[in-house]
Amino acid sequence: MEAEIKLKLEQLHARVDTLKEQINTEEATKNAFVMPFIQILGYDIFNPTEVIPEFICDIGTKKGEKIDYVIKKDNEPILIIECKHWKENVNAHNSQLHRYYHVSKARFGVLTNGHVYNFYTDLEKPNIMDEKPFFTLDLSNLKDASLKILEKFSKNGYNLESILDSAEGMKYISAIRAEFEKELKEPSDEIVKLLVNRFFDKPVTASRLVSFKNYTRIAFGNSINESINFRLQNALNINENVPTKTVDAISPIDDNVDNPKFITTEEEIEGFQIVKAILREKLVASRIAFRDTQSYFGILLDDNNRKPLCRLHFNSANKYIELFNNGKDNGEKRLLNTLDEIYNYKSELLETLGQYE
């Protein structure tokens, strides 16, 4: 399914690039770019009970306000879509969608210019759309992780519970990454002082701060370049001297693993969010932790290695969840065809938790 969606989206992106200079209106953008996108998700754009264009949405005293599209499934609205001209910056026009969302029964809203699609929900306050999207799809930069998320919005793959479980993680990981990238380009006074005060025991004067900001920028750049070179040399199997202290993970470091060289994937984070959602019936979120290693992604109670709740093995073609409800040190692996199948092991996860409580 993902491969099929990816191929169709690549074809749509080529169409957008070819036709965009001839598209002069918002209405033309909808017809040429957005309607094909809705079709790719499997919805029948010619069925007015499934895809409703120009849906009337009264907002307070304003009557006759219209949402560009409302998508329904099982006769319930699941998605509202507001479109802008392809030349518009889609990040600058969410106020109109925000108003529509407030009076809509749909849990998700999309703001698009035909090549960038911002997905919103109400993580901060119920029935009030968040200011920032939790997920962005850019047709010019299709990633496998993004396609997995998009598939959950398709007609055949729509899963409200699964989307909401992973939405918070996606939103805040994206926000943290954006802030991190800002620091890489232009280190702030706060981050420079935080780092420098760990090894420099003299006052950081204004002139020293200017110097240290420059040093920090250079250090960040060197670290990233060395990390990239390390990965390239590893991939090409070149036996040269490479940095030995490169940590690519975004997760807490496992003290039992020396110099880990692994990447915590969005798929692993999504799996963690699903497990956390299951265990929240019995636990506060702060007691559910994860540690990533080269061999597996471990989910722990109280961040304690001796209290594994489960392990996710996502580093090969086949994906598995390792369960510990049998009381043994070595768990039992179960094949996962999709991440949603983690929900099938709710009883095993709760049983494992009961062994430690």
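Quantities reported herein were computed from a predicted structural model and do not represent experimental measurements.

Some remarks on the sheet that holds strand β11 (residues 332-336)
So, point 1. Strand order across the open sheet formed by five strands is β7-β8-β9-β10-β11, with antiparallel pairing between neighbours. At either margin of the open sheet sits one strand with a lone partner, and together these are β7 (288-292) and β11. Ignoring strand direction, the axes of neighbouring strands in this sheet form an average angle of 20°.
So, point 2. Bridge count between strand β8 (residues 297-301) and strand β9 (residues 308-313): four bridges; the pairing is antiparallel. Looking at the pairing, Leu 300 lines up with Pro 308 of β9.
So, point 3. Across the sheet, helix α8 (residues 266-279) is in contact with β7, β8, β9 and β10 (319-323); its angle to β7 comes to roughly 155°.
So, point 4. Packing of helix α9 (residues 346-356) onto the sheet brings it into contact with β8, β9, β10 and β11, and relative to β9 it is tilted by some 140°.

Regarding the side chain of Arg 291
So, point 1. On the secondary structure map, Arg 291 appears in strand β7.
So, point 2. Judged by its relative accessible area of 14%, Arg 291 falls in the buried class.
So, point 3. For Arg 291, the side chain forms a polar contact with the main-chain oxygen of Asp 303, separated by 2.8 Å.

Digging into α8
Because an α-helix completes one turn every 3.6 residues, residues spaced three or four positions apart along the sequence face the same direction.
So, point 1. Spanning 14 residues, α8 covers 20 Å between terminal C-alpha atoms, matching the ideal 20 Å at 1.5 Å per step.
So, point 2. Extensive coverage of α8 is indicated by the burial of twelve of its 14 residues.
So, point 3. Considered for burial, the residues of α8 that qualify are Glu 267, Glu 268, Ile 269, Glu 270, Gly 271, Phe 272, Gln 273, Ile 274, Val 275, Lys 276, Ile 278 and Leu 279.

Considerations on the pattern of salt bridges
Note that side chains of opposite charge can pair when their charged atoms are close.
So, point 1. For the structure on display, the rule yields 22 salt bridges.
So, point 2. Taking the shortest distance from any N to any O, the salt bridge between Lys 6 and Asp 144 comes out at 3.8 Å. Taken together, the residues Lys 6 in helix α1 (residues 2-19) and Asp 144 in helix α4 (residues 144-151) connect sequence positions 138 residues apart.
So, point 3. When its relative accessible area of 27% is taken as the criterion, Lys 6 is described as partly exposed.

Notes on unusual backbone geometry
So, point 1. A positive phi angle, close to 65°, is found at Asn 127, a residue other than glycine.
So, point 2. Mapped onto the elements of the fold, Asn 127 is located in the loop between β5 (116-120) and β6 (135-138).
So, point 3. Backbone geometry places Asp 303, a non-glycine residue, at a positive phi of 55°.
So, point 4. Here Asp 303 lies in the loop between β8 and β9.

With respect to the nonpolar core
So, point 1. Counting 40 residues, the largest nonpolar core has Leu 9, Ile 38, Ile 81, Phe 134 and Leu 137 as its most contacted members.
So, point 2. Not counting residues up to four positions away in its chain, the partners in contact with Phe 134 are Phe 108, Phe 119, Tyr 120, Thr 121, Phe 153, Ile 163, Ala 167, Met 170 and Lys 171.

A few points about the layout of surface pockets
So, point 1. Here the second largest pocket is characterised by a volume of approximately 350 Å³.
So, point 2. In terms of lining residues, the second largest pocket is bounded by 16 residues, among which Glu 2, Lys 148, Asn 337, Thr 338 and Leu 339 are the most central.
So, point 3. Among the elements of the structure, α4, α8 and β11 are those that each provide at least two residues to the lining of the second largest pocket.
So, point 4. Class assignment of the residues belonging to the lining of the second largest pocket gives a composition of four nonpolar, four polar and eight charged.

Some remarks on the pairing of β5
So, point 1. β5 sits mainly inside the fold: five of its five residues count as buried.
So, point 2. Where burial is concerned, the two faces of β5 agree: the one with Val 116, Asn 118 and Tyr 120 and the one with Tyr 117 and Phe 119 are both buried.
So, point 3. Linking two consecutive strands that pair antiparallel, namely strand β4 (residues 108-112) and β5, is a turn of three residues; a positive phi of about 95° is found at Gly 114 within it.
So, point 4. For β5 and β6, the ladder comprises four bridges, and the chain directions are antiparallel. Its bridge partner being in β6, Tyr 117 is matched across the sheet by Leu 137.

A look at helix α2 (residues 26-40)
So, point 1. An ideal rise of 1.5 Å per residue puts 21 Å on 15 residues; α2 measures up with 20 Å between its terminal C-alpha atoms.
So, point 2. Val 34 marks where α2 bends most, by close to 35°; the proline Pro 36 follows one to four residues later.
So, point 3. Looking one or two places after α2, you find Gly 42, whose phi comes out positive at around 100°.

Description of the packing of helix α5 (residues 160-185) against α8
So, point 1. Where α5 meets α8, the closest approach of the two axes is 9 Å, and the angle between their N-to-C directions is 125°. The orientation of α5 with respect to α8, classified from their angle, is oblique. Seen along the crossing, α5 lies across α8 with a hand that is right-handed. Judged by residue contacts, Ser 162, Asp 165, Ser 166, Gly 169 and Ile 173 of α5 engage Ile 269, Glu 270, Gln 273 and Ala 277 from α8.

Describing the packing of aromatic side chains
So, point 1. Taken as a whole and assessed by the stated rule, the structure comprises eleven aromatic pairs.
So, point 2. Ring geometry for Phe 108 against Phe 153: centres 5.2 Å apart, planes inclined by 80°, an arrangement best described as edge-to-face. With Phe 108 in strand β4 and Phe 153 in the loop between α4 and α5, the pair connects residues that are 45 residues apart, well separated along the chain.
So, point 3. By relative accessible area, which is 0% here, Phe 108 ends up buried.
So, point 4. Take Phe 153: its relative accessible area is 2%, and that puts it in the buried class.
So, point 5. Here the aromatic rings of Phe 272 and Phe 297 are separated by 6.4 Å at their centres, their planes lie at 65°, and the arrangement is edge-to-face. Residue Phe 272 is located in helix α8, and its partner Phe 297 is located in strand β8; the two are separated by 25 residues in the primary sequence.
So, point 6. Judged by relative accessible area, which is 0%, Phe 297 ranks as buried.
So, point 7. Taken together, Phe 108, Phe 119, Phe 134, Phe 135 and Phe 153 form an aromatic cluster joined through their ring pairs.
So, point 8. One Lys or Arg, Arg 311, reaches over the ring of Tyr 296 and ends 4.1 Å from the middle of that ring.

The rules we used
- For every chain, the first residue of the written sequence is number 1, and numbering continues from 1 onward in sequence order.
- Owing to the predicted nature of the model, reporting of local features is limited to residues with pLDDT of at least 70; listing and counting of side-chain atom pairs is limited to 80 or more, with chain, interface and lining totals taken over all residues.
- Side-chain measures here rest on the full set of heavy atoms in the structure, leaving out hydrogens and waters.
- Two strands qualify as a pair provided that DSSP identifies no fewer than 2 bridges between them.
- Each helix is a run of H or I in the DSSP string that is no shorter than four residues. Each strand is a run of E no shorter than two, and both are numbered from the N terminus.
- Lines fitted to C-alpha atoms define the axes here, with helix axes fitted over just the stretch in contact, and angles between the N-to-C directions of these axes take values from 0 to 180 degrees.
- Any two residues having at least one pair of non-hydrogen atoms within 4.5 Å are treated as being in contact.
- Relative accessible area decides the class of each residue, using a 1.4 Å probe on protein chains only: under 20% of the type maximum gives buried, over 50% gives exposed, and in between gives partly exposed.
- The definition of a polar contact used here is a pair of N or O atoms within 3.5 Å, where within protein one atom must be able to donate a hydrogen and the other to accept one, and adjacent residues in sequence count solely through side-chain atom pairs.
- One fewer than the residue count of a helix, multiplied by 1.5 Å, yields its expected span.
- Take a side-chain nitrogen of Lys or Arg and a carboxyl oxygen of Asp or Glu: if they are within 4 Å of each other, that pair is a salt bridge.
- Residues grouped as a nonpolar core are buried Ala, Val, Leu, Ile, Met, Phe, Trp, Tyr and Cys residues, joined through side-chain atoms within 4.5 Å.
- Cavity and pocket criteria rest on a 1 Å grid covering protein atoms alone: a 1.4 Å probe that fits but cannot get out defines a cavity, protein on both sides within 12 Å along at least 5 of 7 lines defines an open pocket, and an atom within 4 Å of a point defines a lining residue.
- Grid points are joined across faces, edges and corners, and a volume is the space filled by probe spheres set on the points.
- Residue polarity follows a fixed list, in which Ala, Val, Leu, Ile, Met, Phe, Trp, Tyr, Cys and Pro are nonpolar, Asp, Glu, Lys and Arg are charged, and the others, Gly among them, are polar.
- The angle between axes fitted to the seven residues ending at a residue and the seven residues starting there is what we call the bend at that residue.
- Convention used here: angles under 35 degrees read as roughly parallel, angles over 145 as roughly antiparallel, angles from 65 to 115 as roughly perpendicular, and any remaining angle as oblique.
- In this scheme the handedness of a crossing depends on how the near helix is turned from the far one: anticlockwise by less than a right angle means left-handed, clockwise means right-handed.
- What counts as a ring pair is set by centres within 6.5 Å for rings of Phe, Tyr and Trp (its six-membered ring), and what kind of pair is set by the plane angle: stacked under 30 degrees, edge-to-face over 60, tilted for all other angles.
- Distance and angle both matter: a charge sits over a ring if NZ of Lys or CZ of Arg is within 6 Å of the ring centre and within 35 degrees of the ring normal.

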